[in-house]
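Topology and contacts: notes
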Amino acid sequence: MTQPLAEALAASAALAATDVQAEAAEVLLGQAKGSAAPHHLYALDALVRSGGALPGVAAAAPAFAKSEDARIRIAGLALQAAADVERSASLVTLIDLAAKGSTDDAAAAGVELRALPAPIAAAGLDDAMRATDPTVRARAAGLAMATVFLAREAKLTSLLEAARDADERVREAAVAALGRCLPAGKPFFRNRAEQIAPTLAALGGDTSKAVLAALGNTRKVLGLG
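These remarks concern the structure in this document. Quick caveat, the model's predicted, so the values are computed rather than measured.

1. Observations regarding the side chain of Glu112
Summarising the element assignment, Glu112 is placed in helix H7 (residues 104–115). If we ignore the near neighbours within four places in the chain, the residues touching Glu112 are Asp45, Val48, Arg71, Ile74, Ala75, Ala78 and Leu94.

Take a look at the structure:
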C-alpha cells in the first residue's frame, strides 16, 4: 500500500459509518503489522494522522509502541497518543526523543509529532512544559519553536510561564524559543513583542549567564532594545 493510499483510506474512514471504519482499520492495522518497510510505516503514519479513533486502533497501539524496531516503536508511541492510550506519557517520550538532536530516533520522533493532529501535539507540548522533570520542561520549551508546524500550535502563555521557571535550563530554552525565527530570518513572535516584553524585562537581573545571553538575543530579535 502506498503512502497516499494509506492516508486517503484513514482520512475517509474517519468520516464514514462505523462498519466502514472497522473494515478500514482492519486493513490498515494488517498492513502495519505485516508489510515490509516502508509500507508498514505508511499505514502506521496514516493511522496517526487520521485514524486514532478508528475501532481497534487503541487496543493495537501498545504492541507497536513496544516493537524492537525503533522506527515502529516511535510510530507506535504516536499512535498511542492519537488513540488516547497513555497519551501524556507517550507525548512526553516523543518530545524527549525529538529534542535530543541529530539522531535517527530524534528525526523519527519529529516526523511523528508533525503527523499527529495539531490539538494533540499542542496539548503534549503544553503538558511537557509543566512536567515535574526540569529536563523535560526545557526540552519541550526548546522544541515548541523547532518547526513552523509546532510553533503554530505552541501556546505563548506556556512559553512565558516557562521563562519564569525555577530551573535556569528551562528559562534559557524558553527565552531562546521566544526569539526563534521561523522561517529563517523572520521572528515568529515579532507581532506579539509587547505581550512578551514584561516577562523579558523581569529577567534582566537573572543570575544565569546563559539566560542573560538568550535574553539579549531575543530582545534584539523582537525589537525590544
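Structure shown, so let's carry the discussion forward.
2. Regarding the environment of Arg164
Tracing the backbone through its elements, the reader meets Arg164 in the loop between helix H11 (156–162) and helix H12 (168–178). On the accessibility criterion, Arg164 (53% relative accessible area) is exposed. With 39 residues separating them along the chain, Arg164 and Leu203 place their C-alpha atoms 8.0 Å apart. Discounting chain neighbours no more than four positions away, the residues touching Arg164 are Arg171 and Thr199.

3. Topic: the nonpolar core
If you look at the biggest cluster of nonpolar residues, it comprises 76 residues, and the most contacted ones within it are Leu116 and Leu159. The greatest single-element share of this core, amounting to eight residues, is contributed by helix H5 (residues 70–82). If near-sequence neighbours (up to four positions away) are discounted, Leu159 is found in contact with Met129, Ala141, Ala144, Met145, Ala174, Ala177, Leu178 and Phe189.

4. Notes on the pattern of salt bridges
Across all of its chains, the model carries 11 salt bridges by this definition. Residue Asp45 is joined to Arg71 by a salt bridge in which the shortest nitrogen-to-oxygen separation is 3.9 Å. One end of the pair, Asp45, is in helix H3 (residues 39–50); the other, Arg71, is in helix H5, with 26 residues separating them in the sequence. Since its relative accessible area comes to 23%, Arg71 is described here as partly exposed. The residue Arg171 makes a salt bridge to Asp206 at a minimum N-O spacing of 2.8 Å. Placement of Arg171 in helix H12 and of Asp206 in the loop between helix H13 (193–202) and helix H14 (209–221) is noted, with a sequence separation of 35 residues between them. Take Arg171: its relative accessible area is 9%, and that puts it in the buried class. Among the ionic contacts, a cluster of salt bridges with common partners joins Asp126, Arg130, Lys155 and Glu161.

5. Digging into the packing of helix H2 (residues 18–34) against H3
Direction vectors running N to C along H2 and H3 enclose 140 degrees, while the axes themselves pass 7 Å from each other. In terms of orientation, H2 and H3 fall into the oblique class. Helix-helix and strand crossings are classified by hand; for H2 and H3 the assignment is left-handed. Facing Leu28, Leu29, Gln31 and Ala32 of H2, the residues of H3 in contact are His39, His40, Ala43, Leu44 and Leu47. Each residue belonging to the contact of H2 with H3 can be placed in one class, and the counts come to six nonpolar, three polar and no charged.

Reading guide: rules and limits
- Residues numbered from 1 in each chain as written.
- Predicted model: local features only at pLDDT ≥ 70, side-chain atom pairs only at ≥ 80, totals over all residues.
- Heavy atoms only, no water.
- Helix = DSSP H or I, 4+ residues; strand = E, 2+ residues; numbered from the N terminus.
- Contact = heavy atoms within 4.5 Å.
- Buried < 20%, exposed > 50% of the residue type's maximum accessible area, 1.4 Å probe, protein only.
- Core = buried A, V, L, I, M, F, W, Y, C linked by side-chain atoms within 4.5 Å.
- Salt bridge = Lys/Arg side-chain N within 4 Å of Asp/Glu carboxyl O.
- Axes fitted to C-alpha atoms, helices over the stretch in contact; angles between N-to-C directions.
- Parallel < 35°, antiparallel > 145°, perpendicular 65-115°, else oblique.
- Left-handed = near helix turned anticlockwise from the far one by under 90°.
- Nonpolar A, V, L, I, M, F, W, Y, C, P; charged D, E, K, R; others polar.

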